[in-house]
Amino acid sequence: MAQPSPANEQRALLDDLYTQMAPRHLFPLWESLAMLVPPQPASPAVVHKWSYREAREYLMRAGDLITAKQAERRVLILENPGLAGQSAITPSLYAGLQLILPSEVAPAHRHSQSALRFVMEGQGAFTAVDGERATMGPYDLVLTPGGQWHDHGNGSQAPMIWLDGLDIPTVRHFDATFAEHYPQDQFPQSAPAGDNRYRYGRNLRPFRGRSSDRRPAHQPLFHYPYAEWRESLAALARAEAPDAHLGHALEFRNPGDGGAIMPTISAQVRLIPDGFQTRPRRTTDGTIFVVVEGNGTATVEDRRITLIEKDILVVPSWHAASFEASGDLVLFGYSDKTCHEKLNLYREEDL
Ligand code: GTQ
């Protein structure tokens, strides 16, 4: 074997090798190994907060310029400043604010991507999933699982705005996306509004099981009303002291399998009591938070971010975050935690 060349000579010879290989689409791992396999997550996403009040003004202006039908979905994408051009709020997840004005419809379609809707304002518009309507109110969580026909309509007198949380970047990553339009604006109504909640949202299930099941076995329930999850958080807060790192926290559960709400997305709610400050905690799942009630401050690594109602905050993977509440602070959050768990990647650390 040849003796290694002196450093400067080696550099020149290697650079020459790289230049000759590059047109053949061959590259040296040793130049990028530390970046490809870092010792801990080094997210390209950054911490960022969107003011709902500010975003809403732009969304309403879009409402004057384009109809929901014309747009198909009239949505402003919340793009992470560290992921420019990727329509992503974290490397795996998407977020957008969708507006439906009175008497508008967002026409029926279906796609591989799974979506959650978290209502920011308005009362009485609906999301229909395979022909069953969920009538939506503030801070309700509604799911449109992958592959299910869904349309939205607003029969109320006021604008309806919700946060869309989708796994668009994840599905793009797997190159597995299919989408279709339904020939009519609305998928035919096939069940009474709210049917899924009575069948699957109360620790019951149809006696004959799957033979009488309209809903897919893995996604029976698609509406988690605010009144219910908020009451559960309040009961938790009465029953025990807050967890030092979380406050009072609950995770939304899929009654189909006891796991996360959808195959790619997990969701949670937290109540941090007035005056309480959580200790910092970091997790591998980058998380999108919505402030539902109260004010406070988030500290993410060395950044302090004031929070008011309806602000939207993204905390990227492995960023230590803590929350301080002035007035009971109620947060909704969603992330790709369930993917991390399935892939044996999930880690969390209480600091
Ligand atoms: O409502 O189906 O924000 O398909 C992005 C893609 C919403 C929807 C979005 C979508 C939808």
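Up top you'll find the structure we're talking about.
Below or above, wherever it landed, is the structure these notes cover. (Residues numbered from 1 in each chain as written. Predicted model: local features only at pLDDT ≥ 70, side-chain atom pairs only at ≥ 80, totals over all residues. Heavy atoms only, no water.)

**Thoughts on the site of the ligand**
Link 1 in the chain: The ligand sits among R73, V75, Y94, Q98, H109, H111, R117, H150, H152, D164 and L166.
Link 2 in the chain: Within the side chain of R73, one N or O atom sits 2.8 Å away from an oxygen atom of the ligand.
Link 3 in the chain: Elements with a contribution of two residues or more to the shell around the ligand: β3 (94-100), β4 (105-111), β9 (150-153) and β10 (160-166).
Link 4 in the chain: Considering only residue class, the shell around the ligand consists of three nonpolar, five polar and three charged. (Near = heavy atom within 4 Å. Polar contact = N/O pair within 3.5 Å; in protein donor to acceptor, adjacent residues only side chain to side chain. Helix = DSSP H or I, 4+ residues; strand = E, 2+ residues; numbered from the N terminus. Nonpolar A, V, L, I, M, F, W, Y, C, P; charged D, E, K, R; others polar.)

**Brief notes about the sheet that holds strand β5 (residues 115-121)**
Strand-to-strand pairing in sheets goes through backbone hydrogen bonds, with the strands running parallel or antiparallel.
Link 1 in the chain: Spatially, β2-β3-β10-β5-β8-β12 is the arrangement adopted by the six strands of the open sheet, whose pairing is antiparallel. For this open sheet the edge positions go to β2 (75-77) and β12 (223-224), each flanked by a neighbour on one side alone.
Link 2 in the chain: Both β2 and β3 contribute to a ladder of three bridges, which runs antiparallel. Residue pairing in the sheet places V75 in a bridge with Q98 of β3.
Link 3 in the chain: Sitting on the sheet, helix α3 (residues 52-65) is in contact with β2, β3, β5 and β10, with an inclination near 55 degrees to β3. (Pairing = 2+ DSSP bridges. Contact = heavy atoms within 4.5 Å. Axes fitted to C-alpha atoms, helices over the stretch in contact; angles between N-to-C directions.)

**Some points on the sheet that holds β9**
Link 1 in the chain: Spatial strand order, β7-β6-β9-β4-β11: five strands in an open sheet with antiparallel pairing. The open sheet has two free edges, formed respectively by β7 (132-135) and β11 (179-181), since each of these has just one partner strand. Ignoring strand direction, the axes of neighbouring strands in this sheet form an average angle of 25 degrees.
Link 2 in the chain: With four bridges joining them, strand β6 (residues 126-129) and β9 adopt antiparallel strand pairing.

**Examining helix α1 (residues 7-21)**
Link 1 in the chain: Over its 15 residues, α1 extends 21 Å from the first C-alpha to the last, a length consistent with the 21 Å expected when each residue adds 1.5 Å.
Link 2 in the chain: Burial in α1 covers these residues: L14, Y18 and M21. Seen end-on, α1 carries its buried residues on one side only, within an arc spanning 70 degrees. Those residues of α1 that are exposed and aimed more than 90 degrees away from the buried face are N8, T19 and Q20. (Expected span 1.5 Å × (residues − 1). Buried < 20%, exposed > 50% of the residue type's maximum accessible area, 1.4 Å probe, protein only. Arc of directions from axis to C-beta.)

**What about helix α7 (residues 226-239)?**
Link 1 in the chain: The end-to-end C-alpha separation of α7 is 20 Å, in line with the 20 Å expected for 14 residues at 1.5 Å each.
Link 2 in the chain: Listed in full, the buried residues belonging to α7 are W229, R230, L233 and L236. Considered in projection along α7, the buried side chains sweep an arc of 120 degrees and stay on one side of the axis. Summarising the geometry of α7, the exposed residues directed more than 90 degrees from the buried face are A227, E231, R238 and A239.
Link 3 in the chain: Packing partners of the buried residues in α7 comprise β5, β12, β13 (248-251), β14 (266-272), β16 (287-300) and β19 (321-335).

**Quick word on the side chain of Q268**
Link 1 in the chain: Its location among the elements puts Q268 in strand β14.
Link 2 in the chain: A distance of 2.7 Å separates a polar atom in the side chain of Q268 from a polar atom in the side chain of R270.
Link 3 in the chain: Dropping the residues within four chain positions of it, Q268 is found in contact with L250, E251, F252, T287, F289, L331, F332 and G333.

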